[in-house]
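Notes for the structure review
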Amino acid sequence: MKTILKLFVNDDELAMTSRMYPNPASVGLEVFAEGGTAELLELKAWTLKDIWS
């Protein structure tokens with residue numbers, strides 16, 4: 001499974017996009033902050049069709 005993560009922080013003050021390759025057995029998501037605190041206000045997830053099928 002291929003995954004793309006898009007992250008937007010502080011009303012788009014910071015944006016990040018990253019490709020991820022999770023273990024197929026993964027069943028969860030962990031959100032954390034290192035060296036401080038963070039609050040998750042919204043989370044959206046979609047399953048997309050494979051364009052090659």
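Everything in this summary refers to the structure shown in the same document. (Residues numbered from 1 in each chain as written. Predicted model: local features only at pLDDT ≥ 70, side-chain atom pairs only at ≥ 80, totals over all residues. Heavy atoms only, no water.)

What about the pattern of salt bridges?
Our working rule: Here, a salt bridge means any Lys or Arg side-chain nitrogen found within 4 Å of an Asp or Glu carboxyl oxygen. Using a 1.4 Å probe on the protein chains alone, a residue whose accessible area is under 20% of its type maximum counts as buried, one over 50% counts as exposed, and one in between counts as partly exposed.
Tallied over the entire structure, the rule returns one salt bridge. Across the pair Glu42 and Lys44 runs a salt bridge, and its minimum N-O distance is 3.5 Å. An identical accessibility class is assigned to Glu42 and Lys44; each is exposed.

What to know about the layout of surface pockets
For the record, the criterion: Cavities and pockets are found on a 1 Å grid laid over the protein atoms alone: a cavity is a set of points where a 1.4 Å probe fits but cannot escape, a pocket is an open set with protein on both sides within 12 Å along at least five of seven lines, and a lining residue has an atom within 4 Å of such a point. Grid points are joined across faces, edges and corners, and a volume is the space filled by probe spheres set on the points. Runs of E in the DSSP output that reach at least two residues are strands. Runs of H or I that reach at least four are helices, and both are numbered from the N terminus. Three categories are distinguished: nonpolar for Ala, Val, Leu, Ile, Met, Phe, Trp, Tyr, Cys and Pro, charged for Asp, Glu, Lys and Arg, and polar for the others, with Gly belonging to the last.
By volume, the largest pocket amounts to about 2,200 Å³. Forming the boundary of the largest pocket are 39 residues, of which Ile4, Leu5, Lys6, Leu43 and Lys44 lie nearest the centre. Those elements that place two or more of their residues in the lining of the largest pocket are strand S1 (3-9) and strand S2 (14-20). Ranked by the residues each element gives to the lining of the largest pocket, the list is headed by S1, at seven residues. Tallied by class, the residues present in the lining of the largest pocket amount to 23 nonpolar, five polar and eleven charged.

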